[in-house]
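Descriptive structure summary
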Amino acid sequence: MKNIKNLKRKLSLTVPFIMVISSNAFSAGFEVPLHSASALGNSYAGSVTGAHDISNSFENPANIVGIKNKEFIISASYLDVDIDSDNASGVNNNPDYNAGVDKLIPALYYATPINDKLAFGLNITTPYGLATKYSNNWAVNNEAIESSIMTNNFNPYLSYKIDDKFSVGAGLQIQYIKALLTKNIYTSVKHFAKLKSDDWGYGFNLGAKYKINNKTNAAFGYRSKIDHKTKGNGEAATAGVSDKISIQIVTPESLTIGVSHQLNSKIQLLSDIRWMRWSRIQKFDIVSNTSALDNDDLELKFKDSFRYSLGLNFKTNDKFLSRFGLAYEEGANSSAENRSPRIPTGDRTWLSYGLNYKLNKNTGLDFSYVHQIHTKTRTSKSSLEAEYKTNENVIAAAINYKF
């Protein structure tokens, strides 16, 4: 127990650095799929088979088997997102035209060989997050104003080579989560209410990779769910309300399978299918002894979702590699009646391009651009009718150093 407390203390020194600039979504549910600049260039196709670099250990901890040197990657993705709410009607007839919050999302990766069969790695990522913000006078300020969920995931793992064809990996997930939810509550007048809470949770990840032949690899990767019971404070200062609160939040498990094939010396073909068990999340349970701080507007009723990714890598020469990607991802929201204005998005199509440039034998650079085409969505609750149009663009860069 003492060792766990000491580990939490050490990790807490790292959390503020990343949390300052991390946390936004909009993939399915409240996932942040922006952990690898190289893999983004292929819309994550080929990630589970290790087609890019050690950042693919996020999907599959078996992927670092065979590295010859210590490797370090620092990656950053800038998310530009606009979430326009049109034709909103509710307790105030004053629409808010952009609830999106732009963010910079970093990731760190380290891997080292232990011997010819065993390797160790550590990933620090932001796998889940949420950020929407409406004005204080928008149509349904009694349901949502600001929503923020921030996570940091510390993932030490081992990768083991069983034979020349088969490798496996396993790791521990140590996850910090912090939540902020605000809205207005009404008595005889309007009062601004704020809920803040955080928690540490634990899970695991597993993976395996099989070399079918010299040109083709198949793999799978699994990440477990992590249960959080965040604790903190809630207040509506002008109403004289303040109390301890807790919020139940689950980050769901996922399973990814994929195949990569080297067509010839220049072209590699990639594919991934990823499943997320969002159906675990039917609501965020917010508990307080003060009824004014209990929140019943977070009935989500999520459904499971899939992402289907295809990619192509084209090697121009020994220094330049171009990446192309296409993906279709299902949203986790089950219907307009269950779609919260805090998480208003739906299905989307990914279009991506990436470029890898080798500065020298030890250093490489990756740049990627992703445009997501979102379907229009609708929220239909008792106090809100609104249509949402979301536009999302991502620019990512990373440096990969071997030493």
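My aim in this report is to walk through the structure given alongside it, one point at a time. (Residues numbered from 1 in each chain as written. Predicted model: local features only at pLDDT ≥ 70, side-chain atom pairs only at ≥ 80, totals over all residues. Heavy atoms only, no water.)

1. Brief notes about the environment of Asp304
Residue position: Asp304 is located in the loop between strand 13 (285-288) and strand 14 (305-315). For Asp304, a relative accessible area of 28% translates into the label partly exposed. The spacing of Asp304 and Ile281 is 23 residues in sequence and 9.5 Å in space, taken between C-alpha atoms. Residues contacting Asp304, with those up to four places away along its chain left out, are Trp275, Met276, Arg277, Trp278, Ser279 and Glu330. A distance of 3.3 Å separates a polar side-chain atom of Asp304 from the backbone nitrogen of Trp278. Only 2.6 Å separates the side chain of Asp304 from the side chain of Ser279, close enough to count as a polar contact. (Helix = DSSP H or I, 4+ residues; strand = E, 2+ residues; numbered from the N terminus. Buried < 20%, exposed > 50% of the residue type's maximum accessible area, 1.4 Å probe, protein only. Contact = heavy atoms within 4.5 Å. Polar contact = N/O pair within 3.5 Å; in protein donor to acceptor, adjacent residues only side chain to side chain.)

2. So, the pattern of salt bridges
Taken as a whole and judged by the stated rule, the model has 10 salt bridges. Put simply, Arg274 and Glu31 hold a salt bridge, and the shortest N to O gap is 2.9 Å. In this pair, Arg274 sits in strand 12 (residues 267-276) while Glu31 sits in the loop between helix 1 (2-19) and helix 2 (37-40), placing the two residues 243 residues apart along the sequence. Here Arg274 and Glu31 have matching classes, each one buried. Among the ionic pairs, Glu329 bridges to Arg348, the shortest N-O distance being 3.9 Å. Residue Glu329 is located in strand 15 (residues 320-329), and its partner Arg348 is located in strand 16 (residues 348-358); the two are separated by 19 residues in the primary sequence. Judged by relative accessible area, which is 1%, Arg348 ranks as buried. A cluster of three or more residues bridged by salt bridges with shared partners is formed by Glu31, Arg274, Glu329 and Arg348. (Salt bridge = Lys/Arg side-chain N within 4 Å of Asp/Glu carboxyl O.)

3. Here's the deal with the environment of Ser271
By the element assignment, Ser271 lies in strand 12. For Ser271 and Ile257, which are 14 residues apart along the polypeptide, the C-alpha to C-alpha distance reads 8.6 Å. Not counting chain neighbours up to four residues away, the residues in contact with Ser271 comprise Ala45, Gly46, Ile257, Gly258, Val259, Ser309 and Leu310.

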